[in-house]
Amino acid sequence: SSDLGKTRTALAFALKHAEEHHLKQVIFAIPYTSIIEQTADEFRKIVGPANVLEHHSALAAKDDEQDPNNWTRLATDNWDAPIIVTTTVQLFESLFSNRPGKVRKLHNLARSVIVLDEAQMLPTPLLNPILDALSELVQPRYGASIVLCTATQPALDESLGFPALADVREIAPEPQRYFRSLSRVRYEIHSDESWSWEDVAEQMRQGEQSLCILNTKAQARELFAMLDDPDALHLSTNMCPAHRLATLKKIRA
């Protein structure tokens, strides 16, 4: 998918940047646990399972002492792995928490490449302390590099009252050329019309393949019921992680 394409590109940059500047690890912070599972799986295929540590609230700790991946329990406490895939919440709790368990991994943020995926999702009311902390991390005393990775770059500008992020630059020169060459969709905006679920369902039935993204889990459930189609697939964070991954596998197939 284009999203994993963006993520793989960010990983490629982060690894090359870390090698060139002698940084010690790459930390990928993602807002949603559902995306983390896919991203961590993708990274394991690229660099091998032993190099990727996945850390988020939906991940059950392994109790089997014989399990070859048991190192994750110990490594999770202080993020001791070449590539960490975690939530944005875990990352910023490391910076702002007053609990020993949360800040035990704080020292490993120094001399790391920190990728904030879907950076537009950073919570607006907390942007001042977040940007202040990121500005501090890139100072020579910590030596981290920050990558804001997003298809919709937020306006983090000093003129809007946010702390300035020094030396911000595009990774890719002339990013607009990619939008032009990868253009493959046509948008129709029907903002002046009110659609019922039946209208949406009817539009979806007309296509050979359809995808509908809704604002809430309840709306997704309602439309799924309205479709009444044995071939339709419903995806929601109400699912347990194993069910969600199984459904994603069907969708890809």
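Residues numbered from 1 in each chain as written. Predicted model: local features only at pLDDT ≥ 70, side-chain atom pairs only at ≥ 80, totals over all residues. Heavy atoms only, no water.

Novice: Can you tell me about the pattern of salt bridges, naming the residues and giving the values?
Specialist: Enumeration according to the criterion identifies 11 salt bridges in this entry. Lys-6 is the salt-bridge partner of Asp-117, the closest N and O atoms lying 3.0 Å from each other. Of this pair, Asp-117 sits in strand 4 (residues 112–117) while Lys-6 is found in helix 1 (residues 2–20), placing the two residues 111 residues apart along the sequence. In this pair, the class of Asp-117 matches that of Lys-6, namely buried. The residue Arg-205 makes a salt bridge to Glu-202 at a minimum N-O spacing of 3.2 Å. Taken together, the residues Arg-205 and Glu-202, both in helix 8 (residues 197–206) and three residues apart, mark about one turn of the helix. Look at Glu-202 and you get partly exposed, because its relative accessible area is 37%. Among the charged side chains, a network of salt bridges with common partners joins Lys-6, Asp-117 and Glu-118. (Salt bridge = Lys/Arg side-chain N within 4 Å of Asp/Glu carboxyl O. Helix = DSSP H or I, 4+ residues; strand = E, 2+ residues; numbered from the N terminus. Buried < 20%, exposed > 50% of the residue type's maximum accessible area, 1.4 Å probe, protein only.)

Novice: Go over the sheet that holds strand 4 with me, naming the residues and quoting the values.
Specialist: Here we have five strands laid out as an open sheet, ordered 2-3-1-4-5, and parallel in their pairing. What marks the edges here is a single partner per strand, and that holds for strand 2 (52–55) and strand 5 (145–149). Each neighbouring strand pair of the sheet contributes to a mean axis angle of 15°, computed without reference to strand direction. Note: strand 1 (residues 25–30) against strand 4, five bridges, orientation parallel. Counted as the bridge partner of Gln-25 is Ser-112 from strand 4. Across the sheet, helix 2 (residues 33–47) lies against strand 1, strand 2 and strand 3 (83–87), angled at about 170° from strand 3, the strand it touches most. (Pairing = 2+ DSSP bridges. Axes fitted to C-alpha atoms, helices over the stretch in contact; angles between N-to-C directions. Contact = heavy atoms within 4.5 Å.)

Novice: Could you give an account of the packing of aromatic side chains, naming the residues involved and the relevant values?
Specialist: Per the stated rule, a full pass over the model turns up two aromatic pairs. Between Phe-28 and Phe-43 the ring centres are 5.0 Å apart and the planes differ by 70°, which places this aromatic pair in the edge-to-face class. In this pair, Phe-28 sits in strand 1 while Phe-43 sits in helix 2, placing the two residues 15 residues apart along the sequence. Under the relative-accessibility criterion, Phe-28 is labelled buried at 0%. (Phe/Tyr/Trp six-rings, centres within 6.5 Å; stacked < 30°, edge-to-face > 60°.)

Novice: How would you sum up unusual backbone geometry? Please name residues and give values.
Specialist: Phi is positive for Arg-111, which is not a glycine, with a value near 55°. A positive phi angle, near 50°, is found at Glu-118, a position not held by glycine. Here Glu-118 shows up in the loop between strand 4 and helix 6 (127–137). The exposure class assigned to Glu-118 is buried, which follows from its relative accessible area of 15%.

Novice: Could you give an account of the pairing of strand 4, with specific residues and numbers?
Specialist: Note on strand geometry: in a regular strand, side chains alternate between the two faces of the sheet. For strand 4, the tally of buried residues reaches six of six residues, placing the bulk of the element in the interior. Residues Ser-112, Ile-114 and Leu-116 point to one face of strand 4 and Val-113, Val-115 and Asp-117 to the other, with burial holding for every one of them. Two strands pair when backbone bridges link them, and strand 4 and strand 5 are joined in this way by five bridges, in the parallel orientation. The residue of strand 5 that forms the bridge with Asp-117 is Cys-149. Between the parallel elements strand 4 and strand 5, the chain passes through helix 6 in a crossover that is right-handed. (Right-handed = clockwise from strand over helix to strand, strands pointing away.)

Novice: An account of the packing of helix 2 against helix 10 (residues 241–252) is requested, with residue identities and associated values reported.
Specialist: At their nearest, the axes of helix 2 and helix 10 sit 11 Å apart, and the two run at 65° to each other. Here the hand of the crossing between helix 2 and helix 10 comes out right-handed. Facing Thr-33, Ser-34, Glu-37 and Gln-38 of helix 2, the residues of helix 10 in contact are Pro-241, Arg-244, Leu-245, Leu-248 and Arg-252. (Left-handed = near helix turned anticlockwise from the far one by under 90°.)

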